[in-house]
Amino acid sequence: MMLGSDVSGLSTTAATAAAQGLSIVVPLYNEAAGLAFLHERLSSLAKTLTKRYGLACEVVYVDDGSADATLAIARGLAAEALDVQVVSLSRNFGKEAALMAGLDHARRGAVLFMDGDGQHPPDLVEQLVGHWIDGGYDVVYTAKAHRDNEPLLRRLAVHGFYALINWGARQRIPEDAGDFRLLSPRAAAALRQLPERNRFFKGLASWIGFRQIRVDYEPSARAHGITTFSAGRLVGLSIEGLTSFSVAPLRFASLLGVLLATAAFLFGLSILWETWVSGKSVPGYPSIVVGLMTIGGVQLIMIGIVGEYIGKILSELKARPIYFVAEHSEKRVEAATCVSAGERTAAE
């Protein structure tokens, strides 16, 4: 029985890339204000890619249960320079599920993931595509060039998160890497075959391997509104990523337990030594209480960490679908062109 997967048949060269095409996956959540402008920029990008590489493009908009007019606007977007798919999920399943829905519905070879808030500049996509077609890279990921404009506490928290998740990992996740990345046809095929339901795209895209390259960039200002990622939600996503992709928290808990056990053993030896030397028992009520409280707190933390992993196991055993599609529509460039030609003939 073959326990691996052979995706070598999907390797691309500069000569075959045009036949593969490019799918641009854009998850949307309450992005009605800037969606039309983003689509114009993507249409202009598609014209450029078609002219330079002969690359056929499509965009897959995934509405993740938006509460505004995002879905209505997406339905009305024209397929002028690239095919347009609109995938509407039955409710808000979260960004990871929306990315998976876009990956499942992508019909071209290579897949590009980008946000719908305008912070991922479409102008940079041409450079990412160049690394894929001209450079032969399978995963082209972007990362923030710096975090100088962020508070010190947040920068330290981000650095600590990546240090913890990469602790002992064979395949490291690049620090500051985001979801804005391009996958070649064989990399996208490999990512589709990963069966877990608790998905952490940044980690999985690194884990699959292949030739990867980093592109630093300066995120653009949000085209509209404010971010929906509060500090609490970011902490939740960090815990989700850690427990879905890494066993570092379990190793940390084990190491902490060893350190506490060693400290307790040494403290016990010191009490025995003092009793043997002076012949007096140490009145240690305060130290006992503090020790019990410390050990009890650490045990609760360890139980919580183990509980997170048990919850992940339960979720995988239930095997519930990651998302449900409530509506799916598609517009093709050829169809749009034929309709326009028919309207002109009728008018004449």
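Above this text you will find the structure in question.
No experiment lies behind these values; they were computed from the predicted model shown.

Draft legend 1. View of the sheet that holds strand S3 (residues 83–89). The mixed open sheet is built from eight strands, whose spatial order is S7-S5-S6-S4-S1-S2-S3-S8. Whereas interior strands pair on both sides, the edge strands pair on one side only; in this sheet they are strand S7 (212–217) and strand S8 (325–331). Averaged over neighbouring strand pairs, the angle between their axes works out to 20 degrees when direction is ignored. Alignment of strand S4 (residues 110–113) against strand S6 (residues 177–183), held across three bridges, turns out to be antiparallel. Each residue of the ladder has a partner; that of Phe113, found in S6, is Arg181. With respect to the sheet, helix H5 (residues 125–133) is in contact with strand S1 (22–28), S4, strand S5 (139–144), S6 and S7, its orientation differing from that of S6 by roughly 55 degrees.

Draft legend 2. Region of interest: the pattern of salt bridges. The full count for this structure, using the stated rule, is eleven salt bridges. Where Asp83 meets Arg332, a salt bridge forms, and the shortest distance between an N and an O atom there is 3.7 Å. Taken as a pair, Asp83 in strand S3 and Arg332 in the loop between S8 and helix H12 (333–347) lie far apart in primary sequence, 249 residues in all. Classification of Asp83 as buried rests on a relative accessible area of 2%. With a relative accessible area of 39%, Arg332 lands in the partly exposed category. Overlapping salt bridges, with partners in common, bring together Asp83, Arg107, Arg108, Glu330 and Arg332 in one network.

Draft legend 3. Representation of the nonpolar core within the structure. Grouped together as the largest cluster of nonpolar side chains are 39 residues, with contacts concentrated most on Leu22, Ile24, Val26, Leu42, Tyr61, Leu112 and Val129. In terms of residues, this core owes the most to one element, helix H2 (residues 32–53), which gives seven residues. Apart from the residues lying within four places of it in its own chain, the contact partners of Val129 are Leu22, Leu49, Tyr53, Leu55, Asp134 and Leu182. Within the second largest apolar cluster, 28 residues are counted, among which are Ala188, Ala190, Leu191 and Leu204.

Draft legend 4. Representation of the packing of aromatic side chains within the structure. Applying the stated criterion to the full structure yields one aromatic pair. Each ring, one from Phe180 and one from Tyr217, has its centre 5.9 Å from the other, and the planes form 80 degrees; the classification is edge-to-face. In this pair, Phe180 is assigned in strand S6 and Tyr217 in strand S7, connecting sequence segments 37 residues apart. Taken individually, Phe180 and Tyr217 each receive the classification buried, so the pair is uniform in this respect. Sitting above the plane of the Tyr137 ring, Arg211 keeps its charged end 4.2 Å from the centroid.

Draft legend 5. Representation of the pairing of S6 within the structure. With seven of its seven residues buried, S6 lies for the most part within the structure. Two elements, S5 and S6, share four bridges in a ladder whose sense is antiparallel. The residue bridging Tyr141 from the neighbouring strand is Arg181, located in S6.

Draft legend 6. Representation of a nonpolar patch on the surface. On the surface, a cluster of nonpolar side chains totalling about 310 Å² of accessible area is made up of Phe265, Leu266 and Leu269. The topology assignment puts Leu269 in helix H10 (residues 248–278). What makes Leu269 partly exposed here is its relative accessible area of 40%.

Draft legend 7. Looking closely at the side chain of His120. In this fold, His120 is placed in the loop between S4 and H5. Overall, the relative accessible area of 8% leaves His120 in the buried class. Of the polar contacts made by the side chain of His120, one reaches the backbone nitrogen of Asp115; its length is 2.9 Å. Those residues in contact with His120 that lie beyond four places of it in its chain are Met114, Asp115, Phe180 and Tyr217.

Draft legend 8. Region of the structure containing unusual backbone geometry. Its identity is not glycine, yet Asn30 carries a phi of approximately 55 degrees, on the positive side. With phi around 65 degrees, Phe210 is a residue other than glycine that occupies positive phi space. Inspection of the secondary structure puts Phe210 in the loop between helix H8 (201–207) and S7.

Draft legend 9. Broad picture of the packing of H2 against H5. Running from amino to carboxyl end, H2 crosses H5 at an angle of 30 degrees, the nearest separation of the two axes being 11 Å. Here H2 lies roughly parallel to H5, going by the angle between them. Of the two possible hands of crossing, H2 and H5 adopt the one that is right-handed. The residues of H5 that touch H2, namely those facing Leu45, Thr48, Leu49, Arg52 and Tyr53, are Val125, Glu126, Val129, Gly130 and Ile133. For the contact of H2 with H5, the per-class residue count stands at six nonpolar, two polar and two charged.

Draft legend 10. Examining the environment of Gly257 more closely. By the element assignment, Gly257 lies in helix H10. Given a relative accessible area of 25%, Gly257 falls into the partly exposed group. Sequence separation of Gly257 and Val298 is 41 residues, and the distance between their C-alpha atoms is 7.9 Å.

Definitions and limits used
- Residues numbered from 1 in each chain as written.
- Predicted model: local features only at pLDDT ≥ 70, side-chain atom pairs only at ≥ 80, totals over all residues.
- Heavy atoms only, no water.
- Pairing = 2+ DSSP bridges.
- Helix = DSSP H or I, 4+ residues; strand = E, 2+ residues; numbered from the N terminus.
- Axes fitted to C-alpha atoms, helices over the stretch in contact; angles between N-to-C directions.
- Contact = heavy atoms within 4.5 Å.
- Salt bridge = Lys/Arg side-chain N within 4 Å of Asp/Glu carboxyl O.
- Buried < 20%, exposed > 50% of the residue type's maximum accessible area, 1.4 Å probe, protein only.
- Core = buried A, V, L, I, M, F, W, Y, C linked by side-chain atoms within 4.5 Å.
- Phe/Tyr/Trp six-rings, centres within 6.5 Å; stacked < 30°, edge-to-face > 60°.
- Lys NZ or Arg CZ within 6 Å of the ring centre and 35° of its normal.
- Patch = residues over 30% accessible without salt bridge, like charges linked within 9 Å, V, L, I, M, F, W, Y side chains within 5 Å.
- Areas by Shrake-Rupley, 256 points an atom, 1.4 Å probe, with all protein chains shown as cover.
- Polar contact = N/O pair within 3.5 Å; in protein donor to acceptor, adjacent residues only side chain to side chain.
- Parallel < 35°, antiparallel > 145°, perpendicular 65-115°, else oblique.
- Left-handed = near helix turned anticlockwise from the far one by under 90°.
- Nonpolar A, V, L, I, M, F, W, Y, C, P; charged D, E, K, R; others polar.

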